[in-house]
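Remarks on the overall topology
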Amino acid sequence: MEVKTSLLDNMIGVGDMVLLEPLSEDSFLENLKKRFEHNEIYTYIGSVVISMNPYRSLPIYTPEKVEEYRNRNFYELSPHIYALADEAYRSLRDQDKDQCILITGESGAGKTEASKLVMSYVAAVCGKGQEVNKVKEQLLQSNPVLEAFGNAKTVRNDNSSRFGKYMDIEFDFKGDPLGGVISNYLLEKSRVVKQPRGERNFHIFYQLLSGASDETLKKLKLDRDFSKYNYLSLDSASVSGVDDAANFRTVRNAMQIVGFMEDEVQSVLQLVAAVLKLGNIEFKPESRSNGLDESRVKDKNDLKEMCELLGIEQSVLERAFSYRTVEAKSEKVSTTLNVAQAYYARDALAKNLYSRLFSWLVTRINESIKAQAKTRHKVMGVLDIYGFEIFEDNSFEQFIINYCNEKLQQIFIELTLREEQEEYIREGIEWTNIEYFNNAVICDLIENNKNGILAMLDEECLRPGTVTDETFLDKLNMICAQHQHFESRLSKNSKFLTDHSLPHNCFRIQHYAGKVLYRAEGFVDKNNDLLYRDLSQAMYKANHGLIKQLFPEGSPAKINLKRPPTAGYQFKASVGTLMRNLQTKNPNYIRCIKPNDKKSSHIFTESLVCHQVRYLGLMENVRVRRAGYAFRQAYEPCLERYKMLCKKTWPHWKGPARKGVEVLMSDLKVPAEEYAYGRSKIFIRNPKTLFFLEERRRQCLQDLATLIQKIYRGWKCRRQFLLMKKSQVVVAAWYRRYAQQKKYLKIKHATTVMQSFARGWQARKLLRQLKHQKRCEEAATTIAAYWHGTQARTELRRLKQEVRNKRAVTVIWAFWQGTKARRELRQLKEAARNKHAVSVIWAGWQGTKVRREYRKFFRANAGKKIYNFTVQRIIQKYFLNLKKNLPSMSPVDKSWPSRPYSFLDGVHAELRRIFHLWRCKKYRSQFTEEKKAVYEEKLEASTLFKDKKALYPSSVSQSFKGDYLEINKNPKYQKLHSAVDEKVLLADTVSKINRANGKGSPRIFLLTKKSVVLADQKSGQVKASVPLLDLASVSVSTQNDGFFALKLKEGSSSAVKGDFLLSSERLIEIITKLYRLSATNADRVPLNVDISDEFLVQFKNDKVCVKFIQGSPRNGSGASCKRKNNRLLEVSVPSTA
Ligand SMILES: Nc1ncnc2c1ncn2[C@@H]1O[C@H](COP(=O)(O)OP(=O)(O)OP(=O)(O)O)[C@@H](O)[C@H]1O
Ligand SMILES: [Mg+2]
């Protein structure tokens, strides 16, 4: 369950000043002090937050705290700046109301810190995402940049903002930040050239000199030593706890995050360096002929360096420090500047340079952080502006600042009253007019366009003639004398003539927050804010983009004789814009107060705080807030808080909350004028009524606590008792059981013992009886035994005698019988022997007869069957063995298994033949047509030559290829091939034997279907072509040679040249082919093949005998042919041995 808390819980003092009772300045201060001492630095006045500067870091800004205050109602938790930030953010996000957070307070009161806390809270609770985080980061990082250039150490604050800042943060409809716009107000530029004792110039000067690298400083022509620069005060150049060098790095990093380009950063640093250099330029007087002094630059080095930095022509600037051109209508008059005027011009330039640079920075940051989306956005403005300033010596700046605060007070009153009134109307409460002080009259005194102080100052500044601060004061004395809030010694109003606290050169204004005395000196000058035109023109001529941009009025194209608007006028205009802007938004106020002047965390200087309470108008604030009803609360939380005060509403009220509150109030008898019922809230007029309710609640809570305690304790004790009682019963039951068990076991044991004793005794008694009985029985038995023994023995003796007599008779009888039996046995045996011999002889005779019969029968039938069977078995076995050992299917395989029985000789040989024939058939069946032809040819060869010519066996393995010369393909024989028009069946090289010397010469031998052709081996020319029909026969030897003679038919046309004696290794193939061709010829007369070792050959007219003889074996197998005589050619064939 969510724990409902309230601002009213655990209050130190009162958390809301509206509830202060009685309300007085003292009680107000007392409450602040009490809370400050308990580290409660935040206190409310209604919805306004008073923030006390704790001057130390408190653990109240942690992420856990952010979560605690997130989405909680404003009055739900103890006062905190986060509650205000959350309220503002939620009504912006959820109710679409633009918000502004106005933070005021005097220097060092913690305004800037407060604004940063608000921004960081909003950043923590709003949406997340890469783009949103970047926007948040840029918005947050704009702070360090502006603080470096716009903050300085003062006696009141080490990090005092020397400008007013208003920042609009823009959100989308979801509440995610989109961007922002910053406006700056009135930078305290006089600080650039002069700082009060104990104070410093703006932080950036010190940060640059401490933190920049040597290289950067060299580029900027700067020295790290502060003392070298006139514009830097030395007495408090370093601030304790502030690391300028580290801050410089932070600033550079922040500039990068915000989106400054590197060259922009460099330009900015150059301008800062130029201001330092400017401060070092000094002047000396130079007398002129007209007796007047004219200023001259003393040491030109700094001037030169500054001009180099900014790209300005040195002579132009130097002249601008010595002369001043005044333009009136069309005339230009140049007057010289004396040394004082030159210093004034220098400082004016430095101040302008710096303040314009600052404004440029704000513009540049705005460029980076401006919202990209064009959609309508919600806005939260945060105003961190100087609070009321009342010093001993107040000048133009204080006047302007206090004017701004008057305006803020005015809209505060307006908006607070308006809001109050709106709430009353919303809630239907009657509106009673509230008396309050309206400071519009003071604002009018200052800003009235006709006779307001600012208008008169402007009038005075623009007036021709001598204008001094005194003339201005005179004017004021004249015109404002009647005003009730204006006081002056010299005014016509005689009331102040004797008031010595009011010097003659001063005027005093009664501001809403108190009286302030202003010294008129410097008003005119500061309002004029004059920069000689020569200087702005010199700046415009600079060869430096940023400088040119900062001094647009120096442009010759823009020569404007009209005076620029005065500082007062500009400020009034920007305050007017700001006020209009704020009026459109829902205001949230943070009033910062500093507890002491010593920056100490423990001192509460009442006078100082009282002073601030007064000029912040806080009492006024409380009064306005309390004018109607001091306290209001919605019905539900109100009923929830006080329901225990009435029996009817406690503990639960069933009806509507408002009814419950009404019942409650009437039950408590609160006077009717003390409260009013709104539509959703109850309004309580006086805080004391609220405290009455609170006190009753406190008491009631105590009673309730006691009651709860009582009931709880009772309940706890009862529970304890019941528990113990229950335990006791259990323990007792267990114990009883245990005791009974023990007792039972004891009795059981005793019984067993007694039982055993009794049984033992009984047993022993029985045993004794049994033993006695047994002994008696044994004694009787023994006596009987003895008696029976005696009797038996007597009888035995008698019987023995009797048996002995009987056995003698039996033995004699038995002997007799035995003798008789043996005799008879012998007789019987004899008879049996005789009988057995007869049957044996008979059986032998019968057996012989039967065997003889059987033998006859066996021989006739069984012998034949056995024989047949045996033979069948043998043949079967033979066949099976043969099947197992069959030789391979190769027809040339000669092997054959050996025969097992000689009687199978014929069958065995026949089977071998059949098998061979069968496998040859198988083999043949595989032949292709070509192969068949080859084998037919081979068969033919074997028929012709087998066992007839010794050369034959070597030819068996040769394949008959026919065309050995590949005559078709070989291009060498192309001519020859074309000469033979038929298909060549054989082509080979042969030797033609010369009959003259028997030597062979190579010839191409071609065989076609019809003829034999011999051609020259080299030229391929046909030498002879013999038609096959002309061939009569062929002669070959029986030997291992290749000679063969082609014999021609006598009378044929080819026979003219005679027969041919040729030699070829392929003789067998040639002759076979010739033979087969002749057999297929038309007349089918097969060629006669003559095989003999001597044959005749017809060479032309001679017949020569060719004779083959066996020669000795030689190397090389060739046979040699020699002519022996005219009629004999001898061929010697080497023997093959
Ligand atoms: N809530 C806070 N917690 C801790 N320290 C704080 C807090 N608020 C302010 N301070 C301290 O007070 C110093 C001054 O605060 P800050 O700069 O916000 O004052 P200021 O009101 O802006 O003054 P000025 O008008 O001079 O700019 C801070 O530097 C810081 O040390
Ligand atoms: Mg500040």
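Quick notes on the rules
Residues numbered from 1 in each chain as written. Chains lettered and ligands numbered in written order. Predicted model: local features only at pLDDT ≥ 70, side-chain atom pairs only at ≥ 80, totals over all residues. Heavy atoms only, no water. Near = heavy atom within 4 Å. Polar contact = N/O pair within 3.5 Å; in protein donor to acceptor, adjacent residues only side chain to side chain. Areas by Shrake-Rupley, 256 points an atom, 1.4 Å probe, with all protein chains shown as cover. Helix = DSSP H or I, 4+ residues; strand = E, 2+ residues; numbered from the N terminus. Axes fitted to C-alpha atoms, helices over the stretch in contact; angles between N-to-C directions. Parallel < 35°, antiparallel > 145°, perpendicular 65-115°, else oblique. Left-handed = near helix turned anticlockwise from the far one by under 90°. Contact = heavy atoms within 4.5 Å. Nonpolar A, V, L, I, M, F, W, Y, C, P; charged D, E, K, R; others polar. Salt bridge = Lys/Arg side-chain N within 4 Å of Asp/Glu carboxyl O. Buried < 20%, exposed > 50% of the residue type's maximum accessible area, 1.4 Å probe, protein only.

Looking at the site of ligand 1
- Within the structure, ligand 1 sits among 17 residues, and Ser107, Lys111, Thr112, Ser160 and Ser161 are positioned closest to it.
- Take Glu113: an N or O atom from its main chain is 2.9 Å from an oxygen atom of ligand 1.
- When isolated, ligand 1 has an accessible area of 620 Å², and the protein chains bury 85% of it.
- For the shell around ligand 1, the secondary structure elements donating two or more residues are helix 4 (111-125) and strand 5 (160-161).

Some details on the packing of helix 10 (residues 262-279) against helix 13 (residues 339-369)
- Relative orientation of the contacting elements helix 10 and helix 13 amounts to 160°, with a least axis distance of 9 Å. Taken together, the axis directions place helix 10 and helix 13 in an arrangement best described as roughly antiparallel. Seen along the crossing, helix 10 lies across helix 13 with a hand that is left-handed. Contact residues: Glu264, Val268, Leu271, Val272, Val275, Leu278 and Gly279 in helix 10; Arg346, Leu349, Ala350, Leu353, Leu357, Trp360, Leu361 and Arg364 in helix 13.
- In the contact of helix 10 with helix 13, the residues fall into eleven nonpolar, one polar and three charged.

Quick look at the pattern of salt bridges
- Within the structure shown, the criterion is met by 66 salt bridges.
- The partner of Glu308 in a salt bridge is Lys221, with the nearest N and O atoms 3.3 Å apart. Taken together, the residues Glu308 in helix 11 (residues 300-310) and Lys221 in the loop between helix 8 (214-219) and helix 9 (244-258) connect sequence positions 87 residues apart.
- Given a relative accessible area of 43%, Glu308 falls into the partly exposed group.
- Under the relative-accessibility criterion, Lys221 is labelled partly exposed at 29%.
- One salt bridge in this structure joins Asp988 and Arg1066, with 2.7 Å as the shortest N-O distance. Of this pair, Asp988 sits in strand 20 (residues 984-993) while Arg1066 sits in the loop between strand 26 (1060-1063) and helix 32 (1067-1080), and the two are 78 residues apart along the sequence.
- Given a relative accessible area of 26%, Arg1066 falls into the partly exposed group.

Describing the packing of helix 5 (residues 130-150) against helix 9
- The contact between helix 5 and helix 9 brings their axes to 8 Å, and the two run at 135°. Regarding the angle of helix 5 to helix 9, the classification is oblique. Taken as a pair, helix 5 and helix 9 cross one another with a handedness that is left-handed. Contacts between helix 5 and helix 9 involve Glu137, Gln138, Gln141, Ser142, Pro144, Val145 and Ala148 from the former and Val251, Ala254, Met255, Ile257 and Val258 from the latter.
- For the contact of helix 5 with helix 9, a count of residues per class yields eight nonpolar, three polar and one charged.

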